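Listed below, chain by chain, are the residues.
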Amino acid sequence: MFSLTQRIVVCGSLLLLGLSAQGVCAQDVNAVAGDPWSVGKITVPFQRADFGDPIDSGAFSITDQEGRVFYPVFKTKRTLPLLQSLMGADQVTPPQQLEVHFLFRGTAPLDVVVNSPTPQRVRVNPRPYRQGAYRNAMRQWWRTYNEVFRESTGTSAHSPVLETYLSMMLGSRMGLEAPPLSEKILEDRSALAPSQSLMLLLGTEKVHDAMLRSIMNNEISPNQQLGPIAEPIPFAPLAVPEPAADVVIEPIANYVPAQCFYVRFGSLGNYLWLNKLLERNGGDLSSMVASRRVSFHLNKVVQRQLALKQSELAEVFGSQVVQDVALIGRDTYTREGAALGMLFHAKQSMLLANDIGKNRQNALREFKKEGAKLETIKIAGKDVSFLSTPDNTLRSFYAARGDFHLVTTSRSIIEAFLTLEETNASLAQTREFQYARTLMPVSRDDTVFAFLSSEFFRGLYSPQYRVEMRRRLQSVVEMELQQMASAAATHEGYQDTSVEGLIAAGFLPRNFGQRADGSHTIITGDTLGDSIRGGRGHFVPIPDMDIVGMTAQEMADYNALRQFHMTQWRQMNPILVGINRFKLNDEGLERIAIDARISPFQKSNFSQMLSFLGPPLPNHIATSPRDVAAFQAVLNGKWSGGVTHYAVAVQDLPFPIEEFANQGFFNTLKMLKATPGYLTAWPKPGLLDSLPLISPPPADAYGYSQLPFGLWRREWNGFSTLSFFPDILQEVTPNLALVEDKHPAQVRMHVGDVSNAQITPLANGLAQALSKRGSLANATFFQDVHNQLGVPAPEAKAFAEQLLNLEFLDPLGGTFEYVAEPNGTQRWVSTAWNEEGQDYQANLMTWFRGMDARLNVDESLVELHAQIDMQNEKPAPGLKLPGFNLFDLGGAFGGSSKEAKPKELPPEEPKAEEIPAPKSVLTPPGKQF
């Protein structure tokens, strides 16, 4: 049955539709002639067949037989939109009208078809040119054009390359200033500022977008004369504590150059486990949480470039050939071309060398048509096998030193590997690494151990890295701009699509292509590349690029970076991570234990990010056993008058899913009120008494008081607790207590098994809604490529994928297709849209079975401890049963704080290559896994 609120929304929506029916039945046409562009606006009513996916996927277009229409923008309209939004009616009823703004050539009448997507024929009779009317019409088109593109960037999973290019290109050609909201976005260069240098380091989309806007705005200096190379940043020395005198170092670390990151797997089986996990998730572990909308296939690209393919034979016999495995490198920029490699410690060197050689011969045959060659070259006076193609699709150096074999994309790394005996610059010999192994000894037997040294981070801030990162970023952006400019010019009928012709016609900025190293974009058929770096996605690794000089602009940028790090971020802190796997039962349930540390640690580097945290406290709030998710934090009391301990929790109670279906202000409030959770703080009053608008009245004899919006508060046992459910307050508050914990921390988090909880239907429903929104957004982007650049609609997806160097995926699990509709039109759809209403399971629900974590930050150390329970499809062989409580997270998240008794297990006969399980298992007290 419908709730009263729902009935009001539906009735109100029907009333609105009835009141507006007469106003939306007729077409409205307005056009003004001009030169070189005339401008028009058409408003048509939506037809019944348009409702649903056709509208939501933006399957709109406008065509004419003469090809005179360009740069249309489509905006859905509602009658009394503000009232509909407040009522939530905009989420349960379709829009009523489609408004089309467009430019067209010539001044003669125009017959067009507006596809909404139902075809609707419209006659356009432009009025004679009048300056005022023309300016108003052009201003309305431009404002709507920017508004719609701004809104679309919020739903896309990729960089707004097309939207930014079109806004800046058209604005420049037509002398139009960007509307205020768009102007703020288009002028944003903050991602390139020295204080945001971490963004460039991480290769974020914001840096890419800032570079695109900089190039389009002609901010790249035409003066590319090279001067001297800047000196490296003099980072402050790091005070590393004395390592243990008897610290044990694994042999493979002696063959890792000190400037490389180091990810050790300990065995081939551990590496194969992680590799399979990556392959199942398209090379992106984030897809384990949310469905992917795009894929970069990075894992496949790197394996192909190195010519290392795992086989079923390697899974069976690999452990008899390989003793240890590590991934090493100077960076992880796999989207453009990374400097990394695989280092093997062989048990049987001859067999391993033969297997590597066989893979290289197979790759040589596979890429023969692409110009692949396998040769022996001299590096540091030693023979090195080099497998390559001209575009670097294959780029693989291979050399061995005794039982240690390295396959890498980087000449610089292989040279450092071969000269370690002369330089004595291995990772194992550094004080930092020895101290890291004191903190996380080899005896832990981690499934994965990762170490990122301060020298590794300093290398990323070296002049070579910073200059080449900006240059390769400019190269990638210019590839995208040239591709879009060529398509737009062809669509408008221009014949000269050379770079010079595109600049002359205004499709590219006048300083386009001005590069310090003299490189330029090469387009061969469907492939794009850089004249000195190779194909896109396979650039020469940064350490292998010769930086012979810096321009004045590059020097100024680097000096600003130097000043920032000499005054504000003066040290690079090493990071170490240990990951271990444990078998919890014979049904495939595993525990992933993660131990991450930053040590030594300079807290002043992170002062802004950590300024809100209080000191690490040796206690936690013992919350309710019914909590399915709980988050605790100790804040410094900046707003509450003293250090305060906060906890927010959601209980495993029935969720009224219908309350989460709509949006709008009132529905957002309903969503909050429907969530069975609470927020508590100790000691009172804390922040709760400082919040505006909810200052509580005096409490009654039982500590209860009612606040605005139906919120309740109870003060009990020194705690101040808020909830929309008085029953929850009554149950929770008597049990709240501050409990001692032997592990000091500022942040603690618990998430229970949500795969079969009362929250599960809601989680699956929300995940499906987000996936559907992402699926529709991808289809809309394909349509935008067709409408704006004139790319034939069936080819729009392929063009978009080449433009962004990725593959578009349907997060619902379907396939995108360009299909014909019964009314004669065609549009992009997903095969999964027809399956809506079927059971949908969020990615997280397929494997996630619980998590506990804590974070501790003090003056010299950052510690993150977490354990995640995950369900595999089938039991994995060879896993260890945890014989001790690795992190002892205590009873912070419900239940007793006493330790559970060990569970006795019958002895088992150990299998070949398996570690026998110990006789007992200690699970974290207070939570039985």
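Residues numbered from 1 in each chain as written. Predicted model: local features only at pLDDT ≥ 70, side-chain atom pairs only at ≥ 80, totals over all residues. Heavy atoms only, no water.

**Student:** I'd like a description of the overall build of the protein chain, backed by residues and values.
**Tutor:** Looking only at helices and strands, the protein chain has 25 helices and 37 strands in total. In the protein chain, which comprises 929 residues, the proportion classed as buried is 51%. Contacts spanning at least 24 positions in sequence make up 71% of the contacts within the protein chain whose residues lie at least 6 apart. Of the accessible surface of the protein chain, which amounts to about 42,600 Å², a share of 55% is contributed by carbon and sulfur atoms. (Helix = DSSP H or I, 4+ residues; strand = E, 2+ residues; numbered from the N terminus. Buried < 20%, exposed > 50% of the residue type's maximum accessible area, 1.4 Å probe, protein only. Contact = heavy atoms within 4.5 Å. Areas by Shrake-Rupley, 256 points an atom, 1.4 Å probe, with all protein chains shown as cover.)

**Student:** I'd like a description of helix 24 (residues 796–804), backed by residues and values.
**Tutor:** Most of helix 24 is tucked away, with 7 of its 9 residues classed as buried. Residues of helix 24 that are buried: Ala-796, Lys-797, Phe-799, Ala-800, Glu-801, Leu-803 and Leu-804. Structurally, helix 24 contributes buried residues whose contacts are with helix 5 (161–174), helix 17 (463–492), helix 23 (760–789), strand 31 (807–808), strand 32 (816–820) and strand 33 (826–830).

**Student:** I'd like a description of the packing of aromatic side chains, backed by residues and values.
**Tutor:** Counted under the stated rule, the structure contains 29 aromatic pairs. A centroid spacing of 5.2 Å and a plane angle of 45° characterise the contact between Trp-141 and Tyr-145, whose relative ring orientation is tilted. One end of the pair, Trp-141, and the other, Tyr-145, are both in helix 4 (residues 131–153), 4 residues apart, so they sit about a helical turn from each other. Overall, the relative accessible area of 0% leaves Tyr-145 in the buried class. Consider the rings of Phe-782 and Phe-808, whose centres lie 5.2 Å apart with planes at 90°: the pair is edge-to-face. Of this pair, Phe-782 sits in helix 23 while Phe-808 sits in strand 31, and the two are 26 residues apart along the sequence. The two residues Phe-782 and Phe-808 agree in class, both being buried. In this structure, Arg-105 packs its charged tip against the face of Phe-70, placed 5.9 Å from the ring centre. (Phe/Tyr/Trp six-rings, centres within 6.5 Å; stacked < 30°, edge-to-face > 60°. Lys NZ or Arg CZ within 6 Å of the ring centre and 35° of its normal.)

**Student:** For the sheet that holds strand 6 (residues 110–115), give the residues involved together with the corresponding values.
**Tutor:** The strand order across the open sheet formed by 3 strands is 3-6-7, and the pairing between neighbours is antiparallel. Where the open sheet ends on each side, the last strands, each with one partner, are strand 3 (61–63) and strand 7 (119–124). Neighbouring strand axes in the sheet, compared pairwise and without regard to direction, differ in orientation by 25° on average. Sheet analysis places strand 3 next to strand 6, joined by 3 bridges and oriented antiparallel. Looking at the pairing, Ser-61 lines up with Asn-115 of strand 6. (Pairing = 2+ DSSP bridges. Axes fitted to C-alpha atoms, helices over the stretch in contact; angles between N-to-C directions.)

**Student:** Lay out unusual backbone geometry with the relevant residues and their values.
**Tutor:** The omega torsion across Ser-116 and Pro-117 is 0°, close enough to zero to call that bond cis. Counting through the fold element by element, Pro-117 comes out in the loop between strand 6 and strand 7. Trp-682 connects to Pro-683 through a cis peptide bond whose omega is -5°. With respect to the helices and strands, Pro-683 occurs in the loop between strand 25 (677–682) and strand 26 (704–706). Residues other than glycine seldom take positive phi values, yet Phe-709 does so here, at roughly 65°. With respect to the helices and strands, the residue Phe-709 is situated in the loop between strand 26 and strand 27 (712–716). Even without being glycine, Asn-805 reaches a positive phi, approximately 60°.

**Student:** Help me get a handle on the packing of helix 8 (residues 205–216) against helix 17, residues and values and all.
**Tutor:** In the contact formed by helix 8 and helix 17, the axes pass within 10 Å of each other and the chain directions differ by 70°. Comparing their axes, helix 17 and helix 8 come out roughly perpendicular. Crossing hand, helix 8 versus helix 17: right-handed. Contacts between helix 8 and helix 17 involve Val-207, His-208, Met-211, Leu-212, Ile-215 and Met-216 from the former and Arg-470, Leu-473, Gln-474, Val-477, Glu-478, Glu-480 and Leu-481 from the latter. By residue class, the composition of the contact of helix 8 with helix 17 is 8 nonpolar, 2 polar and 3 charged. (Parallel < 35°, antiparallel > 145°, perpendicular 65-115°, else oblique. Left-handed = near helix turned anticlockwise from the far one by under 90°. Nonpolar A, V, L, I, M, F, W, Y, C, P; charged D, E, K, R; others polar.)

**Student:** So what's going on with empty space enclosed by the protein? Residues and values would help.
**Tutor:** Throughout the structure, instances matching the rule amount to 6 cavities of 30 Å³ or more. One number sums up the size of the second largest cavity: a volume of about 60 Å³. In this structure, the second largest cavity is lined by Asn-30, Ala-31, Val-32, Val-39, Gly-40, Lys-41, His-101, Ala-137, Gln-140 and Trp-141. Only strand 1 (28–32), strand 2 (38–45) and helix 4 provide two or more residues apiece to the lining of the second largest cavity. The class makeup of the residues in the lining of the second largest cavity is 5 nonpolar, 4 polar and 1 charged. (1 Å grid on protein atoms, 1.4 Å probe; cavity = no way out; pocket = protein on both sides within 12 Å on 5 of 7 lines; lining within 4 Å. Points joined across faces, edges and corners; volume = space filled by probe spheres on them.)

**Student:** Help me get a handle on the nonpolar core, residues and values and all.
**Tutor:** One finds Tyr-71, Trp-141, Tyr-165, Tyr-262 and Leu-481 to be the most contacted residues of the largest nonpolar core, which totals 157 residues. Sorting elements by how many residues they give to this core places helix 17 first, with 11 residues. The contacts of Tyr-262, once residues within four sequence positions are left out, are Glu-250, Ile-252, Ala-253, Val-256, Ala-326, Leu-327, Ile-328, Leu-427, Phe-433, Phe-449, Ala-450 and Phe-451. One finds Phe-60, Ile-62, Phe-74 and Leu-98 within the second-largest nonpolar core, a separate group that totals 18 residues. (Core = buried A, V, L, I, M, F, W, Y, C linked by side-chain atoms within 4.5 Å.)

**Student:** Please provide a residue-by-residue account of the pattern of salt bridges, values included.
**Tutor:** Taken as a whole and judged by the stated rule, the model has 38 salt bridges. Between Glu-492 and Arg-173 there is a salt bridge, with its nearest N and O atoms 2.8 Å apart. One end of the pair, Glu-492, is in helix 17; the other, Arg-173, is in helix 5, with 319 residues separating them in the sequence. A residue is classified by how much of its surface remains accessible, and Glu-492, at 10% relative accessible area, is buried. Where salt bridges share partners, they join Glu-468, Glu-478, Arg-515, Asp-517, Asp-530 and Arg-533 into one cluster. (Salt bridge = Lys/Arg side-chain N within 4 Å of Asp/Glu carboxyl O.)

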